[in-house]
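Chain residues, written in single-letter form:
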Amino acid sequence: MAEVINLSIEEDLAIISFNNPPVNSLGLAVRKGLVEALNAAENNVNVRAIILIGEGSTFPAGADIKEFGHPPQEPHLPAICDKIEKTKKPVISALHGTALGGGLEIALSSHYRIASEKTKIGLPEVHLGLLPGAGGTQRLPRLAGIVPALKIMTSGNPISSTEALKIGIIDKIAEDLLLNAKSFARENMGKNNYPITSNIQDKIIDSEENRGAIKSFREELQKKARGLLAPQKIVDCVEASLSLKIEDGLKFERNAFSELMATKQSKALIHAFFAERKSAKIPEIARATHRSISSLGVIGGGTMGSGITVAALNAGLHVKMIEKDKDSIDRGIRNVRKVYERDVEKGRMNLEKKEKILSNYEPSTDMQNLSQVDMVIEAVYEEMEIKKSVFRKLDKIAKDGAVLASNTSYLNIDEIASVTKRPQDVIGLHFFSPANIMRLLEIVIPGKVADDVVATGFHLAKRMKKVPVRAGNCDGFIGNRILSTYGEAAGYIMEDGASPYEIDKAIVNFGYPMGPYQMFDLAGGDIGWATRKRKSATRNPKLRYVEISDRLCENGWFGQKTGRGFYRYTEGERRGKEDPEVLNIIQIEREKKGIKPKDFSEEEILRRYLGAMINESAKVIEENMALRPSDIDVTKLYGYGFPRHKGGPMHYADTYGLNKILDDLNAFSEEDPVFWSPSQLIVDLVSSGKNFNSLNK
Ligand code: 3HC
Ligand code: NAI
């Protein structure tokens, strides 16, 4: 028998344990081993009940996702679940860790389920563009009811075992799972009323109330999960469970699962799952161990400093925040406290926990307080001279071996490091706003940084539950550099004829939560304006420059905060209205340059906008500013709202066809070779018949 499954016979009980670290996923060897173990237990006349349990940290967390996309091999998981359900000897599943996906489906087809208090229970297939394909869509509604089942499966979010007990998914919570499973089996052996919950098959759940719930769920999903296929298919399966016998419902589910597996959406979402995990695998971690971090200094208590402080406090660190004067530190304190007060108001945290976390927060105006912290993150104004002066002071104050990080968005980290006597300790940690919520963290690698400092950045990211991406030290690093380029492309499209509203609509229809002009209005036009002014002296004079945004800023139209930007905002409303005066300004700018506006279809807008994004991304890889294309996908997915079901710009380019991207770039280059000339990497990949994914290996 394969060693990923262990069978031990203890008198009248068979204990089958999963042993496939790290998450006991249900790959081929596990499935084969499980069938063999089940057969052995069934055929052993002494065995009167079977217990399924996970070794290590968890009950199986699902099917083996690495097998998806390859021809499925027998035994299949749905057949195993049927076998468990039909076994004459009662099967008890004992759940700990994360009982997810196919793992939970095994438990659902068992006859009794117990779980420890901390167990997380869920069907997360929807996050992979799939649905539970081993009976989950048919058994869960019968066990827990239509609405809870729909919520669990369409959100994909796990629930606690307390919640699972309340809605009937599990039968008992116990701490010593194996002991409890054994005593339960023995107490009930031979009793006629052994609670074989597989009788769920007989449950009749077709009712007007349930049909109504399904209808409103479907409508809600059309808004909440716009453009996504899997959530609607889950509803189809649940609807089928109302009227179909379980065998037919399972067949219905199987077909729906196979259909989803063949979609671009599921391929993109599976790519995103692995890309996220790959981004933390970097050469420095293989060469060095991280430094130990228990206290953190944060310089600046503005938007970013406060968000970083909250993220660090939540990760259990002691945080010393430094501001330049009394008023500023009072504002910083208010910023931090506001986040926790809101958490308490919303019931996400109790007062005791809030006070406990805040007891680790030490605000002051005296930088000398940072003399003993293990790490400092600077988040002061985005000006090189101010940053340099902060780092000069830090160099004198910080203890030996402290990691010194800057949260700059664009500035050169080597230059910042150069004012210290310890450039090996200086690194870029580029958080995104709001820093306590946004999961992306770009870890920027200047020339002289030590490996263990890089490893420490990744360690901190993990503690803060961030998704880290290793970025080179170029202007804007990975994310903002690429953003600047497709921002330029949007400006060209606008000046050449499309309105900002048409551009936003095309981008939203592609799947972004908002378009670039809605985003500029939200972020505040003044920030981009200041950057453009700063860069004007070094801008390539041959590069086309669109002045429309500058005209808006000169009017004081900075977006939502001033009530006007590309859109007009009425007090209290977040959605803006189209503004004819903005269209007028655009027309004047076109006339100044003698541009005759042309019509742009949504498709053409996308080809240019995404073409510019993909071309700049390729240059980032070519210049070794990103380790691999999937890191760019992760950056754009987690920091910039790229639709996850499209996998990120690099995956999208591969799916669309890199040769077609190259054709577009060549065609656009005829209008403007300075901006549109294709990256050499794209040219080389196309000529050798390869794609971006070939560089992820
Ligand atoms: N298949 C294959 N590999 C998996 C996996 C799975 N289901 N789940 C996790 N892994 C791998 C990860 O890729 C990672 O590999 P690496 O070390 O080489 O990078 C390793 O296991 C550890 O994973 P995490 O880093 O994510 O560990 P965490 O402790 O942070 O999280 C977890 C654990 C909550 C289980 C998380 O990994 C997770 O959510 N996994 C996916 C669960 C899932 O989607 N299950 C449903 C699968 S589809 C299915 O079951 C279909 C069925 O209905 C027929
Ligand atoms: P902010 O203006 O909200 O905050 C900056 C804070 O630094 C102010 O509170 C100011 O009083 C304080 N400060 C200035 N000089 C100081 C000094 N010498 N000592 C102590 N405190 C000092 O700015 P924000 O938005 O928080 O940006 C900070 C940094 O983070 C910048 O480098 C910015 O580029 C970067 N960043 C900003 C993002 C954003 O979306 N706002 C996103 C990612 C990075």
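Residues numbered from 1 in each chain as written. Chains lettered and ligands numbered in written order. Predicted model: local features only at pLDDT ≥ 70, side-chain atom pairs only at ≥ 80, totals over all residues. Heavy atoms only, no water.

Draft legend 1. The arrangement of the nonpolar core in detail. Membership of the largest hydrophobic core comes to 90 residues, with the highest contact counts inside it found for Leu-370, Leu-394, Leu-610, Ile-614 and Phe-692. It is helix α25 (residues 602-622) that provides the largest number of residues to this core, a total of 10 residues. Non-local contacts of Leu-394, meaning those with residues more than four positions away in its chain, are made with Ile-299, Met-367, Leu-370, Val-376, Leu-404 and Arg-422. (Core = buried A, V, L, I, M, F, W, Y, C linked by side-chain atoms within 4.5 Å. Buried < 20%, exposed > 50% of the residue type's maximum accessible area, 1.4 Å probe, protein only. Helix = DSSP H or I, 4+ residues; strand = E, 2+ residues; numbered from the N terminus. Contact = heavy atoms within 4.5 Å.)

Draft legend 2. Structural detail: the site of ligand 1. In the region of ligand 1, 23 residues are neighbours, and Ala-63, Glu-105, Glu-125, Arg-277 and Lys-281 sit closest. With respect to ligand 1, the backbone of Ala-61 contributes an N or O atom lying 2.9 Å from a nitrogen atom. Between Ala-63 and ligand 1, the recorded distance is 2.8 Å, taken from a backbone N or O atom to a nitrogen atom. For ligand 1, the accessible surface in isolation is 990 Å², of which the surrounding protein chains cover 71%. For the shell around ligand 1, the secondary structure elements donating two or more residues are α3 (101-109) and α11 (264-278). Residues that form the shell around ligand 1 fall into these classes: 11 nonpolar, 6 polar and 6 charged. (Near = heavy atom within 4 Å. Polar contact = N/O pair within 3.5 Å; in protein donor to acceptor, adjacent residues only side chain to side chain. Areas by Shrake-Rupley, 256 points an atom, 1.4 Å probe, with all protein chains shown as cover. Nonpolar A, V, L, I, M, F, W, Y, C, P; charged D, E, K, R; others polar.)

Draft legend 3. Spotlight on the sheet that holds strand β3 (residues 49-54). What the 6 strands build is an open sheet, ordered β1-β2-β3-β4-β6-β9; its pairing is mixed. The open sheet has two edge strands with one neighbour each: β1 (5-10) and β9 (172-173). Two strands pair when backbone bridges link them, and strand β2 (residues 13-18) and β3 are joined in this way by 6 bridges, in the parallel orientation. If you follow Phe-18 over to β3, its bridge partner there is Gly-54. Across the face of the sheet, helix α7 (residues 177-188) comes into contact with β1, β2, β3, β4 (91-95), β6 (112-115) and β9 while running at roughly 170 degrees to β3. (Pairing = 2+ DSSP bridges. Axes fitted to C-alpha atoms, helices over the stretch in contact; angles between N-to-C directions.)

Draft legend 4. Inspection of the sheet that holds strand β5 (residues 98-100) at higher detail. Read from one edge of the open sheet, 3 strands run β5-β7-β8, paired in mixed fashion. Both outer strands of the open sheet, β5 and β8 (159-160), are each paired with one neighbouring strand and no more. Where β5 meets strand β7 (residues 120-122), 3 bridges bridge the pair, whose relative direction is parallel. Residue pairing for β7: Thr-98 is matched across the bridge by Lys-120. Contacting β5 and β7, α3 runs over the sheet at an angle of about 80 degrees to β5.

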